[in-house]
Amino acid sequence: MVAAGWYHGDISQVVAEELLAKAGRDGSFLVRDSESVKGAYALCLLFQKHVYTYRILPDDEGLLSVQTIQGIQAKCFRTLPDLIGAYQHPNNGLVTSLLHPVHRQRPAEDSDGEDARGWGHTVPCAGAAPASRTHIPQQLHQRLQEQVHSSPASDFMGFMAEYLTHHVQDLEALCQGHPQLRHLSTALATACRALHGEIDFTLAGLETLARVFDAPASPRSPAREQGFLSSDPDLELLLNKISTVNHLLSSLEKKVLKSLQEMVSRHNLALPRVDVSPLPAARPLAVQNFEVKVGKSQRVALTVDVESGTVTVAKRGSGSPEEVIPQDKILQLIKYQSVQSKVRLVCARENQKSLSKDFIFPSARKREAFCQLLQLMKIQHSNLDEPEIISVYVGTWNMGSTPPPRSLASWLTSRGLGRAQDETTACIPHDIYVIGTQENSLGDREWVEFLCASLKTLMAVDYRVVALQCLWSIKIVVLVKPEHQRRISHVHTSSVKTGIANTLGNKGAVGVSFLFNGTSFGFVNCHLASGSEKTHRRNQNYSDILHSLALGDKHLVGFDLTLRFTHLFWFGDLNYRLDMDVQDILTHIVKKEFQALLAVDQLNLEREKNKVFLQFSEGDISFPPTYRYERGTRDTYVWQKSKPTGMRINVPSWCDRILWKSHPETHVVCNSYGCTDDIVTSDHSPVFATFEVGVTSQFVPKEAPGSSPEALACIEWESIEVMLKTTSRSKCYIEFHSYCLEEMQRSGENTFQNCDIPGFLKLGWSSKHLPVLNPILPDLEYLGDQHLLLSIKGVESCESFGECCLALRSAIGTTPQQFETFLFHRGEETGSVRGWMRVRVPRGRCGTRERLYEWISFEEEDAEPAAEPPMCPKIPPQRLRSRPRSLPEPATGYTNPAYFIFEGVPNAWAPAPGEAARKQAEGPVGGQPCRSPAGPRVPLPSEEEPWCGRPLCGPPSPSRGHPLSPHRAGHPKRPKSAVLARDAVGLGDCSLYVATHLSQLDQVSPQCRGDRQELPLRQTHHALEPPPRPCREGPRPLGKRGALGASDLEAQPPLPADLQPARM
């Protein structure tokens, strides 16, 4: 095995293009692993500012060759270095010769001894002798890496890696004829030092047990094998102990078995039967009382009886009779955003119009408790066979390698600091508990039993274990209520090591995925690299986990992990720190000025740069940093730590986090996010979050198949436009995946393409080259819950440039709806896609109903009515439907761009600063209200008829009483990389040259004609012309990290005829 600097292993296409762009010289090249064919490679070659990628394929005999077009004889090579060497000569069919290899960057070693990327990669080389002494450790490193994946002793490999890296002196001694490997003996003795105490303890117990049955004459005196030479006496003593343990274990089982058999035959011994205690009955929820205000001074007592399904309103001191409101008369619950403690209850009354009442609670926590009790009341009295909403608890705790306290009550009931649960709802059991720990020294079985016993004591529920996955001291446990156990299926577990050389599990991640009826869940618990200065290392850990964690449907393995699940929760000790002086941090903590600290939080900063956790959400942090406390108290942060290399500073930080990402137009609400203040055994505080999650069940159509002529629903596309951040010029096609389709579908090749913008490739498809998709069921209620996964792939390589997820709900109807979203690949934002689609539903299959989670909505305080558009009926307040929290907030103040916005590529069409404000004040063209350009909207009940064939009118404005999503958790902000012209003042990294190219390409501004806007794309390719529609929104500019490639784009060079590049 020989290390090759130009071989980069399993890096992504984006990273390869970035490395070549930095090299900048024609003929620069590197080799990476193929993403589409196992065992194949991708040769990436830079020529005239474009990257050409050639696929290197192995044949049946293991010979390697560059893929050629049909009819051209391929040249075969035995090894990859031989192939690269041959193509370094001219006239070999490539666009240019391989002139300048782009070498791997060797990162600096971490202060903890962890190498940032491992030992480097090796490539196959047949029978090559080591050219120098430094190649010998590389061979051993490779063998060690190969053994780690199959060896149960992977925990031991870190010390061996250290020996192979630093103790090459043994090789010199061996070459000089000295047979004793002193450095190896020292490394082994150091690695096994902790075994002495464990073996002494185990050996003492075994000896005692052996003496009970048949005491050996001398348990420590078995003969040791002769001939072993060791220079370390500690190692010899350890071997002696191990030999004794082996001797005892081999004889003890026979002695115990013989002794028990004699006792049974002599005394007719029968083992006592263990009586299984019956499951405790679920505790009935106690009646809860709330003191609230009505108006400015009127005091009212609210009584919630979940079991009977009633809410009682009693005025204090008025003498008026109590008003009892049954749960089926409660039509709507509206939470105010400007007043966090205020709620509106909309009730139906006989022979009267609906009645609305506003209540002001003593605190926001009390209001949330009231809302949760009403939601629980609705669920219990819904009489549904399958749940539509479940509660999920997620907890993370770095236990600091110490046993937990006897009680975890505050953690498991979400009580403590931050947005914690109120005492009235703390002991309501959740449907699913997902508990992640790091540095957990307990055994797997011991830990699971401890958690189950704790929950049984607190909740009176005997939870069932869905999955347990461990990686050293990183553990994740998933528990579920007994009645939900049958609803769980397709359980998968996985783990990824990101420790030393990505082979040690002291850092890494464990994950669990499963289906709950028809909803897919993914949970990832991770422990990332520590140290304030290791932000890049943590980012790389995240990328490695995202790429290597094997969870979810195997048919979606080519998709980004964050797109494989309806709901993905990612949590753990992320170890991101605060970039601020420690004394300033302590001052802000004392004053509870958390916003000033969150502004310098490394995780928030990296997310704003689109480096990690793209499109993830996180609840509001209103609790102090959870690390690094003095053990035994929560009053003092210990920020100094003595290390062999000197004093290390660990500033107080929010290391322990919980984030989530959900498919568009799904329901997920974060009800609590905080930490405990009474669990003090570790230097970390446990963190908790609870979620209200909408789920779907197996849909049963009202009409049985075959009972009537089958009318098919269909998904039609008018056009699709894609902008990719790449220097490739590949033709592409689109794959369509969905659970509502019988099989994967694919489009034809793109019908439009240009790369006039440096570093970007623009592609287009007309309707003729896009497939009409037929879902397996045509019912509107079923289709409203479905999603499509799209993957943009190169024609030759079949490798993905990016993937995205689209919801079908907003596209249902006869009028095409515009969609627009980001493209992701391997955790990076690689481009964006937009287009026009519609989902046609047969008239007889348009029945739908309101979901249990749709009766709670959000509204601003004292919203002023706005002018209503013509022909749009006003929606009665009692029929409001909540807008899913996963949808981004409506964007205002920017117009429809010709191209999506990337960092460093300003929008040539953006209005001037004054013009933007004027257009915003005037409103949309023609007075038509426009929905959020960031994503599709959720149809309101009055719009269900347009879903089935009637014209679609614009949605009423939120100012007229429509529910709004909260402005905090669950809403990704406009990406920092979405730079508008009015924001560009002072931005030195925006390329004026690229802006000039954009202006030249799109010379005509969009002209508003009636209710339509003409896109410049129509002037370049008529087939992509979108159809007319009553209400048109401006697409949201999408973001991406810095533009790749030089700013001056030259003409496209001609391709040689004998080799066909495969853009990968």
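Cut-offs applied
Residues numbered from 1 in each chain as written. Predicted model: local features only at pLDDT ≥ 70, side-chain atom pairs only at ≥ 80, totals over all residues. Heavy atoms only, no water. Helix = DSSP H or I, 4+ residues; strand = E, 2+ residues; numbered from the N terminus. Contact = heavy atoms within 4.5 Å. Areas by Shrake-Rupley, 256 points an atom, 1.4 Å probe, with all protein chains shown as cover. Buried < 20%, exposed > 50% of the residue type's maximum accessible area, 1.4 Å probe, protein only. Phe/Tyr/Trp six-rings, centres within 6.5 Å; stacked < 30°, edge-to-face > 60°. Lys NZ or Arg CZ within 6 Å of the ring centre and 35° of its normal. pLDDT = per-residue confidence, 0-100. Expected span 1.5 Å × (residues − 1). Pairing = 2+ DSSP bridges. Core = buried A, V, L, I, M, F, W, Y, C linked by side-chain atoms within 4.5 Å. Axes fitted to C-alpha atoms, helices over the stretch in contact; angles between N-to-C directions. Polar contact = N/O pair within 3.5 Å; in protein donor to acceptor, adjacent residues only side chain to side chain. Arc of directions from axis to C-beta. Salt bridge = Lys/Arg side-chain N within 4 Å of Asp/Glu carboxyl O.

Caption draft 1: Expanded view of the overall build of the protein. Along the protein, the regular secondary structure elements total 20 helices and 39 strands. Sequence-distant contacts, at least 24 apart, represent 70% of the contacts inside the protein between residues at least 6 apart. Accessible surface for the protein amounts to roughly 46,900 Å². Of this, 52% is attributable to carbon and sulfur atoms.

Caption draft 2: Seen up close, the environment of Cys-470. Mapped onto the secondary structure, Cys-470 falls in strand E16 (residues 464-471). Separated by 26 residues in sequence, Cys-470 and Asp-444 place their C-alpha atoms 7.7 Å apart.

Caption draft 3: Broad picture of unusual backbone geometry. That bond from Tyr-627 to Arg-628 is cis: its omega, 10 degrees, falls within 30 degrees of zero. Inspection of the secondary structure assignment puts Arg-628 in the loop between strand E22 (617-618) and strand E23 (640-643). Even without being a glycine, Ala-460 presents a positive backbone phi close to 60 degrees. What makes Ala-460 buried here is its relative accessible area of 6%.

Caption draft 4: Up close: the packing of aromatic side chains. Following the criterion strictly, the structure yields 26 aromatic pairs and no others. Measuring from centroid to centroid gives 4.4 Å for Tyr-629 and Tyr-637, while their planes differ by 20 degrees, and the two rings are stacked. A relative accessible area of 13% places Tyr-637 in the buried class. By the ring-pair criterion, three or more aromatic residues cluster together here, those being Phe-514, Phe-521, Phe-523, Phe-569, Trp-660 and Phe-691. One residue, Lys-342, lies across the ring of Tyr-336, its end atom 4.7 Å from the ring centre. The ring of Tyr-733 has Arg-746 lying over it, and the distance from NZ or CZ to the ring centre is 3.6 Å.

Caption draft 5: View of the confidence of the model for the protein. Summing up the model confidence of the protein, the mean pLDDT is 74 and the portion of residues at 70 or higher is 64%. With pLDDT under 50 throughout, residues 124-137 is counted as low confidence; its partners more than four residues away or in other chains account for 17 contacts. Within the model, the stretch residues 861-1064 combines pLDDT values under 50 with 472 contacts to residues more than four positions away or in other chains.

Caption draft 6: Here's a closer look at helix H9 (residues 364-380). An ideal rise of 1.5 Å per residue puts 24 Å on 17 residues; H9 measures up with 24 Å between its terminal C-alpha atoms. Of all 17 residues that make up H9, 12 are buried, and the element is covered over most of its length.

Caption draft 7: Representation of the pairing of strand E35 (residues 817-825) in the model. Burial within E35 is extensive, with nine of its nine residues counted as buried. Of the pairings in the sheet, the one linking E35 to strand E36 (residues 828-840) comprises nine bridges and is antiparallel in character. By the bridge assignment for E36, Phe-824 is matched with Glu-829. Two successive antiparallel strands, E35 and E36, enclose a turn made up of two residues, where Arg-826 displays a positive phi of approximately 50 degrees.

Caption draft 8: Main features of the nonpolar core. Counting residues in each nonpolar core, the largest one holds 46 residues, and the members touching the most others are Val-392, Ile-432, Phe-514, Phe-521, Phe-523, Phe-569 and Phe-691. Contact partners of Phe-514, with chain neighbours within four places excluded, come to Ile-432, Val-466, Val-478, Ile-488, Ser-489, His-490, Val-491, Thr-519, Ser-520, Phe-521 and Phe-523. Of all hydrophobic cores here, the second largest spans 37 residues; its members include Cys-732, Ile-734, Leu-770 and Tyr-782.

Caption draft 9: A look at the sheet that holds strand E3 (residues 50-58). Spatial strand order, E4-E3-E2-E1-E5: five strands in an open sheet with mixed pairing. Strand pairing shows two members of the sheet lacking a second neighbour, strand E4 (64-66) and strand E5 (100-101), which therefore form its edges. Packed onto the sheet, helix H1 (residues 13-23) meets strand E1 (28-33), strand E2 (41-47) and E3 and runs at close to 165 degrees relative to E1.

Caption draft 10: Region of interest: the side chain of Arg-537. Within the fold, Arg-537 resides in helix H12 (residues 535-548). Residue class for Arg-537 comes out buried when judged on its relative accessible area of 5%. At a separation of 3.3 Å, a polar atom in the side chain of Arg-537 contacts the main-chain carbonyl oxygen of Gly-499.

Caption draft 11: Inspection of the sheet that holds strand E13 (residues 389-398) at higher detail. An order of E14-E26-E27-E13-E15-E17-E16 is seen for the seven strands of this open sheet, with the pairing classed as mixed. At either end of the open sheet lies a strand with only one pairing partner, and these are strand E14 (417-419) and E16. Adjacent strand axes in the sheet meet at a mean angle of 10 degrees when their direction is disregarded. Looking at chain direction, E13 and strand E15 (residues 432-438) are connected through seven bridges and run parallel. Pairing of Tyr-393 across the sheet is with Tyr-433, part of E15. Lying over the sheet, helix H11 (residues 444-459) contacts E15, E16 and strand E17 (474-480), oriented at roughly 40 degrees with respect to E17.

Caption draft 12: The arrangement of H11 in detail. For H11, spanning 16 residues, the distance from its first C-alpha to its last is 22 Å, which sits close to the expected 22 Å at 1.5 Å a residue. Every buried residue belonging to H11 is among Trp-447, Val-448, Leu-451, Cys-452, Ser-454, Leu-455, Leu-458 and Met-459, and all of these are buried. Taken around the axis of H11, the buried residues stretch over an arc of 160 degrees, which confines them to a single face. Across from the buried face of H11, at angles greater than 90 degrees, the exposed residues are Arg-445 and Thr-457. As for H11, its buried residues are in contact with helix H10 (409-412), E15, E16 and E17. At the exit of H11 stands Ala-460, carrying a positive phi of roughly 60 degrees.

Caption draft 13: Quick peek at the pairing of E1. E1 sits mainly inside the fold: six of its six residues count as buried. Side chains Ser-28, Leu-30 and Arg-32 project from E1 onto one buried face, and the interleaved Phe-29, Val-31 and Asp-33 project onto a second face that is buried too. Bridge count between E1 and E5: two bridges; the pairing is parallel. Counted as the bridge partner of Phe-29 is Pro-101 from E5. Pairing between E1 and E2: five bridges, direction antiparallel. What sits directly across from Asp-33, in E2, is Tyr-41.

Caption draft 14: Spatial organisation of the environment of Leu-94. Considering the arrangement of structural elements, one finds Leu-94 in the loop between helix H2 (80-86) and E5. For Leu-94, a relative accessible area of 9% gives the class buried. Residues Leu-94 and Tyr-54, 40 residues apart in the sequence, show an inter-C-alpha distance of 8.6 Å.

Caption draft 15: Focus on the pattern of salt bridges. Inspection of the entire model under this criterion finds 30 salt bridges. Between Glu-606 and Lys-609 there is a salt bridge, with the nearest N and O atoms lying 3.5 Å from each other. On the accessibility criterion, Glu-606 (8% relative accessible area) is buried. A relative accessible area of 45% means that Lys-609 is categorised as partly exposed. Between Arg-834 and Glu-721 there is a salt bridge, with the nearest N and O atoms lying 3.1 Å from each other. Here Arg-834 is found in strand E36, whereas its partner Glu-721 is found in strand E28 (residues 714-725), with 113 residues between them in sequence. No difference in accessibility class separates Arg-834 from Glu-721, as the two residues are buried. When salt bridges that share partners are traced, they join Lys-335, Arg-367, Glu-368 and Arg-419 into one network.

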